[in-house]
Amino acid sequence: IYIYKMNRDSGKQVILSLPSNNILAMLPTSFGKSYIGMKWCEKHHPNSILIVVPRLVLIQNWKDEFIKWDKKELLDKVTFSTYAGIHKVGKVYECTIFDEAHHISPRVIEIIKTIKSPYNILLSATVKAQYIDSLKRVFNNLYCYRISAKEAINNNILPDPKVFLLPLTLDTKHKTETIILHPNGKLNATCSYEKRWEYFKKKNVKVTIQCTESQKYLDMSGSIERLKNMAITTGSQVRKNQWLHKAGERLKWLSNLKNAIIPRILLELKDERVLTFCNSIQQTEILGKNCINSKNKKSTQTLKDFNDGLINHITACNMVNEGVNLFNCRIGLYANLNSSDVIIIQRLGRILRHPSPIIIIPYFKHTRDEEIVKKMTTNYNPELIYTIKSIKDIKL
(Lines give C-alpha, C1' and ligand atoms only; values in the text may rest on other atoms or scores of the structure.)
Protein backbone atom coordinates (compact mmCIF):
# COMPACT_ATOMS: atom_id res chain seq x y z
CA ILE A 1 0.00 0.00 0.00
CA TYR A 2 1.48 3.31 -1.04
CA ILE A 3 0.69 6.23 1.26
CA TYR A 4 1.10 9.74 -0.10
CA LYS A 5 0.90 13.08 1.68
CA MET A 6 -0.19 15.75 -0.77
CA ASN A 7 -3.06 18.05 -1.59
CA ARG A 8 -6.33 17.03 -3.18
CA ASP A 9 -5.48 18.02 -6.77
CA SER A 10 -2.05 16.40 -6.85
CA GLY A 11 -3.55 13.27 -5.28
CA LYS A 12 -6.12 13.05 -8.07
CA GLN A 13 -3.43 13.43 -10.71
CA VAL A 14 -1.30 10.68 -9.17
CA ILE A 15 -4.23 8.25 -9.14
CA LEU A 16 -5.20 9.02 -12.73
CA SER A 17 -1.61 8.44 -13.87
CA LEU A 18 -1.04 5.13 -12.03
CA PRO A 19 0.30 2.44 -14.40
CA SER A 20 -2.05 -0.39 -13.37
CA ASN A 21 -5.39 -1.38 -14.93
CA ASN A 22 -6.71 -2.16 -11.44
CA ILE A 23 -6.69 0.53 -8.75
CA LEU A 24 -7.81 0.54 -5.11
CA ALA A 25 -8.17 4.20 -4.07
CA MET A 26 -8.68 4.49 -0.32
CA LEU A 27 -9.51 8.14 0.17
CA PRO A 28 -11.32 10.19 2.82
CA THR A 29 -14.66 11.80 2.27
CA SER A 30 -14.85 14.95 0.16
CA PHE A 31 -11.61 14.03 -1.59
CA GLY A 32 -13.45 13.57 -4.88
CA LYS A 33 -13.71 9.79 -5.22
CA SER A 34 -16.66 10.00 -7.63
CA TYR A 35 -14.85 12.51 -9.82
CA ILE A 36 -11.72 10.32 -9.84
CA GLY A 37 -13.81 7.29 -10.85
CA MET A 38 -15.40 9.20 -13.74
CA LYS A 39 -12.09 10.64 -14.98
CA TRP A 40 -10.38 7.27 -14.69
CA CYS A 41 -13.07 5.67 -16.85
CA GLU A 42 -13.00 8.54 -19.33
CA LYS A 43 -9.26 8.06 -19.70
CA HIS A 44 -9.88 4.59 -21.18
CA HIS A 45 -12.58 5.73 -23.69
CA PRO A 46 -15.04 2.96 -22.76
CA ASN A 47 -18.23 2.05 -24.59
CA SER A 48 -19.65 0.37 -21.48
CA ILE A 49 -19.24 1.12 -17.76
CA LEU A 50 -20.52 -0.80 -14.74
CA ILE A 51 -20.88 1.05 -11.42
CA VAL A 52 -21.58 -1.10 -8.35
CA VAL A 53 -22.93 0.53 -5.17
CA PRO A 54 -24.01 -0.88 -1.80
CA ARG A 55 -27.52 0.60 -1.88
CA LEU A 56 -29.96 1.83 -4.52
CA VAL A 57 -30.15 5.28 -2.93
CA LEU A 58 -26.54 5.94 -3.99
CA ILE A 59 -27.31 5.57 -7.70
CA GLN A 60 -28.90 9.01 -7.81
CA ASN A 61 -25.78 10.46 -6.16
CA TRP A 62 -23.69 9.10 -9.01
CA LYS A 63 -26.07 10.43 -11.65
CA ASP A 64 -25.93 13.85 -10.01
CA GLU A 65 -22.12 13.74 -10.04
CA PHE A 66 -22.00 12.92 -13.77
CA ILE A 67 -24.29 15.86 -14.50
CA LYS A 68 -22.40 18.16 -12.10
CA TRP A 69 -19.11 17.51 -13.94
CA ASP A 70 -20.71 17.72 -17.40
CA LYS A 71 -20.19 14.00 -18.12
CA LYS A 72 -23.66 13.25 -19.44
CA GLU A 73 -22.29 11.45 -22.51
CA LEU A 74 -20.35 9.13 -20.19
CA LEU A 75 -23.42 8.52 -18.03
CA ASP A 76 -25.28 7.22 -21.09
CA LYS A 77 -22.82 4.30 -21.18
CA VAL A 78 -23.32 3.35 -17.52
CA THR A 79 -25.10 0.32 -16.06
CA PHE A 80 -25.75 0.52 -12.30
CA SER A 81 -25.96 -2.40 -9.90
CA THR A 82 -25.94 -3.00 -6.17
CA TYR A 83 -23.58 -5.57 -4.65
CA ALA A 84 -26.63 -7.66 -3.74
CA GLY A 85 -27.82 -7.61 -7.36
CA ILE A 86 -24.49 -7.91 -9.16
CA HIS A 87 -25.29 -11.47 -10.23
CA LYS A 88 -27.99 -10.04 -12.51
CA VAL A 89 -25.72 -7.81 -14.62
CA GLY A 90 -24.02 -8.73 -17.88
CA LYS A 91 -20.59 -10.31 -18.03
CA VAL A 92 -18.64 -7.82 -20.16
CA TYR A 93 -17.87 -4.16 -19.38
CA GLU A 94 -14.89 -2.13 -20.47
CA CYS A 95 -14.65 -0.26 -17.15
CA THR A 96 -16.03 -1.05 -13.70
CA ILE A 97 -16.25 1.22 -10.66
CA PHE A 98 -16.75 -0.49 -7.31
CA ASP A 99 -18.09 2.22 -5.00
CA GLU A 100 -17.67 1.74 -1.23
CA ALA A 101 -15.50 -1.25 -2.07
CA HIS A 102 -15.35 -2.48 1.53
CA HIS A 103 -18.71 -4.08 0.71
CA ILE A 104 -17.03 -6.60 -1.60
CA SER A 105 -17.82 -9.83 0.24
CA PRO A 106 -16.57 -13.35 -0.57
CA ARG A 107 -19.87 -13.95 -2.42
CA VAL A 108 -19.35 -10.81 -4.50
CA ILE A 109 -15.75 -11.80 -5.23
CA GLU A 110 -16.93 -15.06 -6.80
CA ILE A 111 -19.30 -13.14 -9.09
CA ILE A 112 -16.66 -10.53 -9.96
CA LYS A 113 -14.47 -13.34 -11.28
CA THR A 114 -17.07 -13.95 -14.01
CA ILE A 115 -17.24 -10.31 -15.13
CA LYS A 116 -14.77 -9.56 -17.91
CA SER A 117 -13.70 -5.97 -17.23
CA PRO A 118 -10.15 -4.98 -18.25
CA TYR A 119 -10.20 -1.75 -16.19
CA ASN A 120 -11.38 -1.69 -12.57
CA ILE A 121 -11.24 1.04 -9.95
CA LEU A 122 -12.26 0.37 -6.34
CA LEU A 123 -13.25 3.38 -4.23
CA SER A 124 -13.47 3.42 -0.45
CA ALA A 125 -12.24 5.11 2.70
CA THR A 126 -12.20 1.96 4.77
CA VAL A 127 -11.01 -1.31 3.23
CA LYS A 128 -9.51 -3.38 6.05
CA ALA A 129 -5.94 -4.54 5.54
CA GLN A 130 -6.85 -8.24 5.84
CA TYR A 131 -9.24 -7.95 2.86
CA ILE A 132 -6.70 -6.39 0.51
CA ASP A 133 -4.95 -9.71 -0.12
CA SER A 134 -8.28 -11.23 -1.19
CA LEU A 135 -8.84 -8.35 -3.60
CA LYS A 136 -5.34 -8.75 -5.03
CA ARG A 137 -6.13 -12.36 -5.93
CA VAL A 138 -9.10 -11.16 -8.00
CA PHE A 139 -7.67 -7.99 -9.55
CA ASN A 140 -4.28 -8.56 -11.14
CA ASN A 141 -1.55 -6.08 -10.17
CA LEU A 142 -3.96 -4.19 -7.92
CA TYR A 143 -2.34 -0.85 -7.09
CA CYS A 144 -3.33 0.47 -3.66
CA TYR A 145 -3.27 4.18 -2.95
CA ARG A 146 -4.31 5.49 0.48
CA ILE A 147 -4.78 8.76 2.27
CA SER A 148 -6.40 8.45 5.71
CA ALA A 149 -8.78 11.01 7.19
CA LYS A 150 -6.18 11.87 9.83
CA GLU A 151 -3.52 12.46 7.16
CA ALA A 152 -5.96 14.56 5.15
CA ILE A 153 -6.68 16.70 8.21
CA ASN A 154 -2.98 17.04 9.03
CA ASN A 155 -2.27 18.16 5.46
CA ASN A 156 -5.14 20.68 5.49
CA ILE A 157 -7.03 18.75 2.82
CA LEU A 158 -9.94 18.35 5.23
CA PRO A 159 -10.92 20.65 8.11
CA ASP A 160 -10.22 19.90 11.78
CA PRO A 161 -13.50 19.25 13.59
CA LYS A 162 -14.30 20.90 16.90
CA VAL A 163 -15.41 18.18 19.33
CA PHE A 164 -17.65 18.57 22.38
CA LEU A 165 -17.73 15.63 24.81
CA LEU A 166 -20.62 15.52 27.29
CA PRO A 167 -20.01 12.90 30.03
CA LEU A 168 -23.14 11.30 31.49
CA THR A 169 -23.56 9.05 34.53
CA LEU A 170 -25.63 5.89 34.85
CA ASP A 171 -28.28 6.09 37.58
CA THR A 172 -27.34 4.14 40.71
CA LYS A 173 -30.45 4.89 42.81
CA HIS A 174 -33.70 4.38 40.91
CA LYS A 175 -34.84 0.93 39.80
CA THR A 176 -36.04 1.97 36.33
CA GLU A 177 -34.60 -1.02 34.45
CA THR A 178 -35.34 -4.74 34.30
CA ILE A 179 -33.35 -7.90 33.60
CA ILE A 180 -35.06 -11.09 32.48
CA LEU A 181 -33.65 -14.32 33.91
CA HIS A 182 -34.65 -17.70 32.41
CA PRO A 183 -36.89 -16.17 29.68
CA ASN A 184 -38.31 -19.61 28.76
CA GLY A 185 -39.46 -20.42 32.28
CA LYS A 186 -43.13 -21.46 32.67
CA LEU A 187 -43.62 -19.77 36.06
CA ASN A 188 -43.23 -16.05 36.71
CA ALA A 189 -41.61 -14.11 39.52
CA THR A 190 -40.31 -10.60 40.25
CA CYS A 191 -37.40 -9.71 42.52
CA SER A 192 -34.85 -7.04 43.30
CA TYR A 193 -31.33 -7.12 41.91
CA GLU A 194 -30.01 -8.07 45.33
CA LYS A 195 -32.32 -11.13 45.53
CA ARG A 196 -31.59 -12.46 42.03
CA TRP A 197 -29.21 -15.15 43.32
CA GLU A 198 -32.14 -17.05 44.82
CA TYR A 199 -33.46 -17.79 41.33
CA PHE A 200 -30.28 -18.69 39.42
CA LYS A 201 -30.92 -22.44 39.61
CA LYS A 202 -34.72 -22.23 39.22
CA LYS A 203 -34.74 -22.45 35.44
CA ASN A 204 -38.46 -23.17 35.30
CA VAL A 205 -39.13 -19.64 36.63
CA LYS A 206 -39.04 -16.60 34.38
CA VAL A 207 -37.74 -13.86 36.67
CA THR A 208 -38.12 -10.11 36.15
CA ILE A 209 -35.29 -8.49 38.08
CA GLN A 210 -35.84 -4.82 38.98
CA CYS A 211 -32.62 -2.84 38.91
CA THR A 212 -30.90 0.51 38.36
CA GLU A 213 -29.17 1.55 35.14
CA SER A 214 -25.80 0.88 36.73
CA GLN A 215 -26.83 -2.62 37.87
CA LYS A 216 -28.17 -3.49 34.42
CA TYR A 217 -24.92 -2.36 32.81
CA LEU A 218 -22.90 -4.53 35.20
CA ASP A 219 -25.12 -7.53 34.44
CA MET A 220 -24.83 -7.06 30.65
CA SER A 221 -21.06 -6.58 30.87
CA GLY A 222 -20.70 -9.72 32.99
CA SER A 223 -22.61 -11.75 30.39
CA ILE A 224 -20.48 -10.32 27.59
CA GLU A 225 -17.24 -11.20 29.37
CA ARG A 226 -18.40 -14.76 30.03
CA LEU A 227 -19.39 -15.26 26.39
CA LYS A 228 -16.15 -13.67 25.20
CA ASN A 229 -14.04 -15.96 27.39
CA MET A 230 -15.97 -19.04 26.22
CA ALA A 231 -15.56 -17.99 22.58
CA ILE A 232 -11.82 -17.51 23.00
CA THR A 233 -11.33 -20.70 25.03
CA THR A 234 -13.41 -23.00 22.80
CA GLY A 235 -13.00 -21.25 19.45
CA SER A 236 -16.77 -21.59 19.03
CA GLN A 237 -18.25 -19.38 16.32
CA VAL A 238 -21.66 -19.70 18.00
CA ARG A 239 -20.26 -18.29 21.24
CA LYS A 240 -18.49 -15.53 19.32
CA ASN A 241 -21.73 -14.55 17.60
CA GLN A 242 -23.53 -14.52 20.96
CA TRP A 243 -20.78 -12.37 22.47
CA LEU A 244 -20.86 -9.84 19.63
CA HIS A 245 -24.67 -9.75 19.59
CA LYS A 246 -24.77 -9.07 23.33
CA ALA A 247 -22.13 -6.35 22.96
CA GLY A 248 -24.25 -4.73 20.26
CA GLU A 249 -27.30 -4.88 22.52
CA ARG A 250 -25.34 -3.11 25.27
CA LEU A 251 -24.38 -0.24 22.96
CA LYS A 252 -27.96 0.04 21.73
CA TRP A 253 -29.25 0.16 25.32
CA LEU A 254 -26.76 2.90 26.24
CA SER A 255 -27.82 4.79 23.15
CA ASN A 256 -31.51 4.57 24.06
CA LEU A 257 -30.76 6.02 27.49
CA LYS A 258 -29.78 9.24 25.66
CA ASN A 259 -33.25 9.71 24.17
CA ALA A 260 -34.05 12.17 26.95
CA ILE A 261 -31.05 14.44 26.46
CA ILE A 262 -30.72 14.44 22.65
CA PRO A 263 -33.91 16.54 22.08
CA ARG A 264 -32.59 19.10 24.59
CA ILE A 265 -29.33 19.33 22.66
CA LEU A 266 -31.21 19.68 19.38
CA LEU A 267 -33.26 22.49 20.88
CA GLU A 268 -30.03 24.36 21.61
CA LEU A 269 -28.98 23.76 17.98
CA LYS A 270 -32.32 24.78 16.44
CA ASP A 271 -30.71 27.13 13.89
CA GLU A 272 -27.83 24.78 12.98
CA ARG A 273 -27.57 22.07 10.32
CA VAL A 274 -27.48 18.79 12.26
CA LEU A 275 -27.33 15.07 11.49
CA THR A 276 -28.11 12.83 14.49
CA PHE A 277 -26.61 9.34 14.25
CA CYS A 278 -29.03 6.76 15.72
CA ASN A 279 -28.94 3.07 16.57
CA SER A 280 -32.20 1.95 14.96
CA ILE A 281 -35.23 2.92 12.91
CA GLN A 282 -37.17 3.33 16.13
CA GLN A 283 -34.65 5.78 17.55
CA THR A 284 -34.61 7.88 14.37
CA GLU A 285 -38.38 8.24 14.74
CA ILE A 286 -38.22 9.05 18.45
CA LEU A 287 -35.58 11.75 18.01
CA GLY A 288 -36.89 13.54 14.94
CA LYS A 289 -39.78 13.76 12.52
CA ASN A 290 -37.34 14.16 9.60
CA CYS A 291 -35.91 10.67 9.79
CA ILE A 292 -33.96 8.76 7.17
CA ASN A 293 -34.27 5.01 7.43
CA SER A 294 -35.24 1.98 5.36
CA LYS A 295 -38.81 2.04 6.69
CA ASN A 296 -39.56 5.66 5.80
CA LYS A 297 -40.70 5.84 2.17
CA LYS A 298 -40.03 9.58 2.21
CA SER A 299 -36.35 9.18 3.15
CA THR A 300 -35.10 10.25 -0.30
CA GLN A 301 -37.33 13.34 -0.24
CA THR A 302 -36.21 14.10 3.33
CA LEU A 303 -32.58 13.98 2.24
CA LYS A 304 -33.36 16.26 -0.71
CA ASP A 305 -35.21 18.71 1.54
CA PHE A 306 -32.20 18.79 3.87
CA ASN A 307 -29.77 19.41 1.02
CA ASP A 308 -32.08 22.10 -0.39
CA GLY A 309 -32.08 23.86 2.99
CA LEU A 310 -35.80 23.33 3.64
CA ILE A 311 -35.08 21.50 6.91
CA ASN A 312 -32.09 21.74 9.24
CA HIS A 313 -32.28 18.60 11.37
CA ILE A 314 -32.29 14.96 10.22
CA THR A 315 -31.95 11.69 12.10
CA ALA A 316 -30.55 8.58 10.46
CA CYS A 317 -29.40 5.02 11.07
CA ASN A 318 -26.98 3.39 8.60
CA MET A 319 -28.42 4.94 5.43
CA VAL A 320 -26.21 8.04 5.54
CA ASN A 321 -23.14 6.46 7.14
CA GLU A 322 -21.49 6.27 3.74
CA GLY A 323 -21.69 7.49 0.18
CA VAL A 324 -24.48 10.03 0.67
CA ASN A 325 -23.68 13.66 -0.09
CA LEU A 326 -24.91 16.02 2.61
CA PHE A 327 -24.93 19.71 1.74
CA ASN A 328 -23.69 22.16 4.36
CA CYS A 329 -24.18 19.76 7.29
CA ARG A 330 -22.12 21.29 10.08
CA ILE A 331 -22.91 19.20 13.16
CA GLY A 332 -22.78 15.48 13.80
CA LEU A 333 -24.64 14.56 16.98
CA TYR A 334 -23.90 11.04 18.21
CA ALA A 335 -26.93 9.51 19.92
CA ASN A 336 -25.33 6.16 19.10
CA LEU A 337 -21.69 5.09 19.31
CA ASN A 338 -20.31 2.22 17.26
CA SER A 339 -17.02 0.42 17.77
CA SER A 340 -16.58 -0.48 14.08
CA ASP A 341 -13.59 1.29 12.52
CA VAL A 342 -15.47 1.41 9.22
CA ILE A 343 -18.55 3.08 10.69
CA ILE A 344 -16.47 5.53 12.77
CA ILE A 345 -14.68 6.73 9.65
CA GLN A 346 -17.78 6.79 7.46
CA ARG A 347 -19.78 8.80 9.98
CA LEU A 348 -16.96 11.29 10.39
CA GLY A 349 -16.98 11.64 6.63
CA ARG A 350 -20.55 12.96 6.61
CA ILE A 351 -19.45 15.97 8.69
CA LEU A 352 -16.01 16.80 7.28
CA ARG A 353 -17.60 18.13 4.09
CA HIS A 354 -18.41 21.33 6.02
CA PRO A 355 -15.58 23.93 6.31
CA SER A 356 -16.05 24.26 10.11
CA PRO A 357 -17.44 20.91 11.33
CA ILE A 358 -18.68 20.25 14.85
CA ILE A 359 -19.00 16.87 16.57
CA ILE A 360 -21.07 16.47 19.75
CA ILE A 361 -20.80 13.21 21.69
CA PRO A 362 -22.82 12.54 24.84
CA TYR A 363 -21.47 9.38 26.46
CA PHE A 364 -21.74 7.42 29.67
CA LYS A 365 -18.65 7.44 31.87
CA HIS A 366 -17.06 4.14 32.93
CA THR A 367 -18.83 2.19 30.18
CA ARG A 368 -18.09 0.87 26.71
CA ASP A 369 -19.20 4.31 25.49
CA GLU A 370 -16.15 5.90 27.08
CA GLU A 371 -13.81 3.33 25.49
CA ILE A 372 -15.21 4.09 22.03
CA VAL A 373 -14.92 7.85 22.58
CA LYS A 374 -11.22 7.43 23.38
CA LYS A 375 -10.81 5.45 20.16
CA MET A 376 -12.69 8.04 18.10
CA THR A 377 -10.81 11.05 19.44
CA THR A 378 -7.40 9.71 18.41
CA ASN A 379 -8.28 11.10 14.96
CA TYR A 380 -8.98 14.61 16.25
CA ASN A 381 -6.84 17.59 17.25
CA PRO A 382 -6.65 17.48 21.08
CA GLU A 383 -6.64 21.29 21.17
CA LEU A 384 -10.13 21.26 19.64
CA ILE A 385 -11.63 18.69 22.04
CA TYR A 386 -13.73 20.19 24.83
CA THR A 387 -15.23 18.25 27.74
CA ILE A 388 -18.34 20.10 28.88
CA LYS A 389 -20.55 19.88 31.97
CA SER A 390 -23.87 20.75 30.36
CA ILE A 391 -25.43 21.39 26.97
CA LYS A 392 -25.30 25.13 27.74
CA ASP A 393 -21.51 24.87 27.44
CA ILE A 394 -21.66 24.06 23.72
CA LYS A 395 -20.06 27.14 22.14
CA LEU A 396 -20.11 26.96 18.35
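The structure this text deals with has already been given above.
Residues numbered from 1 in each chain as written. Predicted model: local features only at pLDDT ≥ 70, side-chain atom pairs only at ≥ 80, totals over all residues. Heavy atoms only, no water.

Colleague: Sorry if this is basic, but what is going on with the sheet that holds strand E13 (residues 291-292) here?
Modeller: With parallel pairing, seven strands are arranged side by side in an open sheet as E13-E14-E12-E15-E16-E8-E17. Each of the sheet's edge strands pairs with one partner strand only, and the pair in question is E13 and strand E17 (385-387). Examined bridge by bridge, strand E12 (residues 274-277) and strand E14 (residues 313-316) share four bridges and lie parallel to one another. Residue pairing in the sheet places Leu 275 in a bridge with Ile 314 of E14. Together, E12, strand E15 (331-334) and strand E16 (358-364) form the strand contacts of helix H13 (residues 341-351), whose direction differs from that of E15 by roughly 145°. (Pairing = 2+ DSSP bridges. Helix = DSSP H or I, 4+ residues; strand = E, 2+ residues; numbered from the N terminus. Contact = heavy atoms within 4.5 Å. Axes fitted to C-alpha atoms, helices over the stretch in contact; angles between N-to-C directions.)

Colleague: I tried to follow the side chain of Asn 22 on my own but got confused; where do I start?
Modeller: Here Asn 22 shows up in strand E2 (residues 22-26). A distance of 2.9 Å separates the side chain of Asn 22 from the side chain of Asn 120, its partner in a polar contact. Excluding residues within four positions of it along the chain, Asn 22 makes contact with Pro 118, Tyr 119, Asn 120, Phe 139, Asn 140, Asn 141, Leu 142 and Tyr 143. (Polar contact = N/O pair within 3.5 Å; in protein donor to acceptor, adjacent residues only side chain to side chain.)

Colleague: What exactly am I supposed to notice about helix H14 (residues 368-376) here?
Modeller: Side chains that are three or four residues apart share a direction in an α-helix, a result of its 3.6 residues per turn. Inspection of H14 places Asp 369, Glu 370, Ile 372, Val 373 and Met 376 among the buried residues, and these make up the whole buried set. All buried residues of H14 project into a common sector of 160° when viewed along the axis, lining one side. In the core, the buried residues of H14 are packed alongside strand E8 (162-168), helix H9 (237-256), E15, H13 and E16. N-cap assignment for H14: the residue whose side-chain oxygen lies 3.1 Å from the backbone N of Asp 369 is Thr 367. (Buried < 20%, exposed > 50% of the residue type's maximum accessible area, 1.4 Å probe, protein only. Arc of directions from axis to C-beta.)

Colleague: Help me out: how do you make sense of the pairing of strand E5 (residues 95-98) in this one?
Modeller: When a strand is regular, its side chains alternate between the sheet's two faces. Here E5 shows a buried face lined by Cys 95 and Ile 97 and a second buried face lined by Thr 96 and Phe 98. With four bridges connecting them, strand E3 (residues 49-53) and E5 associate as parallel partners. Bridged to Leu 50 within E5 is Thr 96. Looking at chain direction, E5 and strand E6 (residues 119-124) are connected through four bridges and run parallel. Across the sheet, the residue bridging to Thr 96 is Asn 120, located in E6. For the crossover that starts at E5, traverses helix H5 (residues 106-112) and ends in the parallel E6, the hand is right-handed. (Right-handed = clockwise from strand over helix to strand, strands pointing away.)

Colleague: So what exactly am I meant to see when it comes to the pattern of salt bridges here?
Modeller: Pairing between side chains of opposite charge can happen when the charged atoms of each approach one another. Under the definition given, this model contains 13 salt bridges. Between Lys 39 and Glu 42 there is a salt bridge, with the nearest N and O atoms lying 3.4 Å from each other. Of the two residues, Lys 39 and Glu 42 are both situated in helix H2 (residues 33-43); the distance of three residues between them amounts to about one turn of the helix. One salt bridge connects Lys 375 with Asp 341, and the closest N-O pair in it is separated by 2.8 Å. With Lys 375 in helix H14 and Asp 341 in helix H13, this pair connects stretches of sequence that are 34 residues apart. A single salt-bridge network, built from bridges that share partners, covers Lys 39, Glu 42 and Lys 71. (Salt bridge = Lys/Arg side-chain N within 4 Å of Asp/Glu carboxyl O.)

Colleague: Explain the nonpolar core here, please?
Modeller: Note on soluble globular proteins: their nonpolar side chains tend to be buried together. Ranked by internal contacts, the top residues of the largest apolar core, which has 60 residues, are Leu 27, Ile 51, Trp 62, Phe 66, Leu 337, Ile 361 and Met 376. Apart from residues lying up to four places away in sequence, Leu 337 is in contact with Leu 251, Lys 258, Arg 347, Ile 361, Tyr 363, Asp 369, Ile 372, Val 373 and Met 376. Formed by 25 residues, the second largest nonpolar core is a distinct cluster that contains Tyr 217, Ile 265, Ala 335 and Ile 394. (Core = buried A, V, L, I, M, F, W, Y, C linked by side-chain atoms within 4.5 Å.)

Colleague: Looking at this structure, I do not really get the packing of aromatic side chains. What am I missing?
Modeller: Each aromatic ring pair is described using two quantities: the centre-to-centre distance and the angle formed by the ring planes. Taken as a whole and judged by the stated rule, the model has seven aromatic pairs. Judged by centre distance (4.9 Å) and plane angle (45°), the ring pair of Phe 277 and Tyr 334 falls under tilted. Of this pair, Phe 277 sits in strand E12 while Tyr 334 sits in strand E15, placing them 57 residues apart in sequence. Considered together, Phe 277 and Tyr 334 belong to a single accessibility category, that of buried residues. Lying across the ring of Tyr 193, Arg 196 places its NZ or CZ 3.7 Å from the centre. (Phe/Tyr/Trp six-rings, centres within 6.5 Å; stacked < 30°, edge-to-face > 60°. Lys NZ or Arg CZ within 6 Å of the ring centre and 35° of its normal.)

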